[in-house]
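Residues per chain, in single letters:
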Amino acid sequence: MFKNNELKSKLQEIWSNTFIEKGLQGLLSVAPRTGKTICALKIASKIKAKKVLVCYPDNKIKNSWIGDVEKLKYKGNITYTTYLSLYKHIDKYDMVIFDEIHSTSEAQREQMQNLLKINKVWIGLSGSLSKQTIIELNQYFKAKVIVEYTIEQAIKDGIIANYEIHVVTCKLDDVKKTPNSKGKMLTEKQKCKNYSYVIENLIRQGKSIFMLSIARTRLVQNSISRIAKAKELLKQFKNEKVLIFTGVTKTASILGEFVHHSKDENEEEFIAFAAGKSKFNHMAVCKIGQSGVNFHNLEKIILVSFTGNEEDTAQKICRCLLLQEDPDKTSHIWLISTDEEFELKKLKKSLGMFKQSKITYE
């Protein structure tokens, strides 16, 4: 199996030493698959931290931590918690680790502030930090990037696979009519046009568009043409291992041979798919699996929807960049968008971390 383990190990040593030398406070922004968890544990070992708090957004990430702790034979006492439960663990530790720190909300960052009032040794880990998030974290914790290693650097060094992103656009259906909230029969196109008209008026008046924006997003996420395009791609890739990210559970259930989300969980089959040993070629999820999970033998990813958050998109795309037997592997990511102006703007923002020369529009 092809892996540049020697280079990864060398980089982890350099990063851990640099972090210690720079004062043991700040951000480790390194590409996915390069071993940020191992690096954090090496730092804890080198400073002989006996009491460590590890925080993460998704419980599935805990399994990855436990595996790396066993691999390194780390002997410290580790408390694991999600960010949602962080308020239960405001205490003094030898070291605090914030995994996937980019995903934290304002409320969670306030709890992190409380924790850091009594803890001076801490590290924030991320494989997809945006410039805006760095600014925000600096405002909350005076956080600075101590170590940076980009996706493109990791590709150049042969640690993760190269990629090609294929953007496919489709038009909202303007034939089939269904009732809107007031019972009026309208097509998807008409409903979207109405939402956009009201949203633009509210923006001019300086009023909140939050709820209407959510409603419009749900409309396009579940659009007839979008689902049809996803089905077309899945038919084309029927014999290949494909992970499908959707925005809502309903769409995931429609598209996946196997579905894994909060309303339809099958942990054993999810683990098998991630290991490349599932009987299913296609698995559909919403957000589960976008971080902290390595997918083996994965050939393609389809993003049926996107949030406009470049960190979120980067995490999903990087699920497909694991190098295995083939050092010349190129991963293919398909992203489906409507041709609506507001969504195309969101699309551009979503792909902000990736090289434009590797993105094609079809």
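Residues numbered from 1 in each chain as written. Predicted model: local features only at pLDDT ≥ 70, side-chain atom pairs only at ≥ 80, totals over all residues. Heavy atoms only, no water.

## Let's talk about the nonpolar core
Formally: We call a set of buried residues a nonpolar core when its members are Ala, Val, Leu, Ile, Met, Phe, Trp, Tyr or Cys and they connect through side-chain atoms within 4.5 Å of each other. Each residue's exposure class comes from its accessible area (1.4 Å probe, protein chains only) as a fraction of the maximum for that residue type: buried when under 20%, exposed when over 50%, partly exposed otherwise. Each helix is a run of H or I in the DSSP string that is no shorter than four residues. Each strand is a run of E no shorter than two, and both are numbered from the N terminus. It only takes one pair of heavy atoms within 4.5 Å for two residues to be counted as in contact.
In terms of nonpolar packing, the biggest core is built from 61 residues, with Val52, Ile97, Ile151, Ile165, Leu243, Phe295 and Leu351 touching the most fellow members. Take this core: its biggest share by element is five residues, from helix H2 (residues 36–46). Excluding anything up to four places from it in sequence, leucine 243 contacts Phe273, Met283, Val285, Phe295, Leu298, Lys300, Ile301, Ile302 and Arg319. Within the second largest apolar cluster, 18 residues are counted, among which are Ala230, Val259, Ile302 and Val304.

## Some remarks on the side chain of threonine 34
Along the chain, threonine 34 falls in the loop between strand E1 (25–30) and H2. With a relative accessible area of 1%, threonine 34 lands in the buried category. Once you skip the residues sitting within four places of it in the chain, threonine 34 turns out to touch Lys8, Gln12, Trp15, Tyr149, Ala154 and Ile159.

## Section: the sheet that holds strand E15 (residues 359–361)
Which entries qualify depends on this criterion: In this description, strands pair whenever DSSP reports at least two bridges between them. Every axis in this analysis is a line fitted to C-alpha atoms, fitted for helices over the stretch in contact. Angles between the N-to-C directions lie between 0 and 180 degrees.
Strand order in the open sheet formed by seven strands is E11-E12-E10-E13-E14-E7-E15, with parallel pairing between adjacent strands. Two strands close off the open sheet at either side, each with one partner strand: strand E11 (258–260) and E15. Neighbour-to-neighbour, the strand axes of the sheet open up by a mean angle of 20 degrees, direction not taken into account. With three bridges joining them, strand E7 (residues 162–170) and E15 adopt parallel strand pairing. In the strand pairing of E15, isoleucine 165 is matched with isoleucine 359. Lying on the sheet, helix H12 (residues 310–317) is in contact with E7, strand E10 (242–245), strand E13 (300–303) and strand E14 (330–338); it crosses E13 at an angle near 150 degrees.

## A look at the packing of aromatic side chains
The condition that has to hold: Any pair of Phe, Tyr and Trp rings, taking the six-membered ring for Trp, is counted once the centres come within 6.5 Å. Such a pair is stacked with planes under 30 degrees apart, edge-to-face with planes over 60 apart, and tilted for the rest.
Following the criterion strictly, the structure yields 10 aromatic pairs and no others. Ring geometry for tyrosine 83 and phenylalanine 98: centres 6.5 Å apart, planes at 25 degrees, overall stacked. Separated by 15 residues along the polypeptide, tyrosine 83 in the loop between strand E3 (77–82) and strand E4 (95–98) and phenylalanine 98 in strand E4 bring together distant segments of the chain. When its relative accessible area of 3% is taken as the criterion, tyrosine 83 is described as buried. Taking the relative accessible area as the measure of exposure, phenylalanine 98 reaches 0% and is therefore buried. Ring centres 6.1 Å apart and planes at 85 degrees place the aromatic pair phenylalanine 270 and phenylalanine 295 in the edge-to-face group. Here phenylalanine 295 lies in the loop between strand E12 (282–285) and E13 and phenylalanine 270 lies in helix H11 (residues 267–274), a separation of 25 residues in the sequence.

## Comments concerning the sheet that holds E1
In spatial order, the strands read E3-E2-E4-E5-E1-E6; together these six strands make up an open sheet with parallel pairing. Each edge of the open sheet carries a strand with a single partner, namely E3 and strand E6 (145–149). Between one strand axis and the next, the sheet turns by 15 degrees as a mean value, whatever way the strands run. Of the pairings in the sheet, the one linking E4 to strand E5 (residues 122–126) comprises three bridges and is parallel in character. The residue of E5 that forms the bridge with isoleucine 97 is isoleucine 123.

## Some points on the pairing of E14
The element E14 is largely enclosed, with a buried count of seven among its nine residues. Bridge analysis of E7 against E14 gives nine bridges, and the strand direction is parallel. Bridge pairing in E14 links valine 168 to isoleucine 336. The pairing of E13 with E14 spans four bridges and is classified as parallel. Among the inter-strand pairings, leucine 303 is bridged to a residue of E14, identified as leucine 335.

## Quick notes on helix H8 (residues 210–221)
Heads up, the rule is: In this analysis, the expected span of each helix is defined as 1.5 Å times one less than the number of residues it contains.
Here H8 contains 12 residues, and its C-alpha end-to-end distance of 16 Å stays within 8% of the 16 Å for a straight helix at 1.5 Å per residue. Along H8, the positions that sit buried rather than exposed are Arg216, Thr217, Leu219, Val220 and Gln221.

## As for the pairing of E10
Here E10 shows two buried faces, one formed by Val242 and Ile244 and the other by Leu243 and Phe245. Examined bridge by bridge, E10 and E12 share four bridges and lie parallel to one another. By the bridge assignment for E12, isoleucine 244 is matched with alanine 284. Where E10 and E13 come together, four bridges link them in parallel fashion. When the sheet's bridge partners are listed, valine 242 is paired in E13 with lysine 300.

## Examining the packing of H2 against helix H3 (residues 60–72)
What counts here: Our angle categories are set so that under 35 degrees counts as roughly parallel, over 145 as roughly antiparallel, 65 to 115 as roughly perpendicular, and the remainder as oblique. Crossing handedness: left-handed means the near helix sits turned counterclockwise from the far one by under a right angle, and right-handed means the same turn made clockwise. In this classification, the charged set is Asp, Glu, Lys and Arg, the nonpolar set is Ala, Val, Leu, Ile, Met, Phe, Trp, Tyr, Cys and Pro, and all remaining amino acids, among them Gly, are polar.
Two numbers describe how H2 lies on H3: the axes approach to 10 Å, and their chain directions differ by 50 degrees. Judged by the inter-axis angle, H2 sits oblique to H3. In this structure, the crossing between H2 and H3 has a hand that is right-handed. Here Thr37, Ile38, Ala40, Leu41 and Lys42 of H2 lie close against H3, whose contacting residues are Trp65, Asp68, Val69, Lys71 and Leu72. Taken together, the residues of the contact of H2 with H3 break down into six nonpolar, one polar and three charged.

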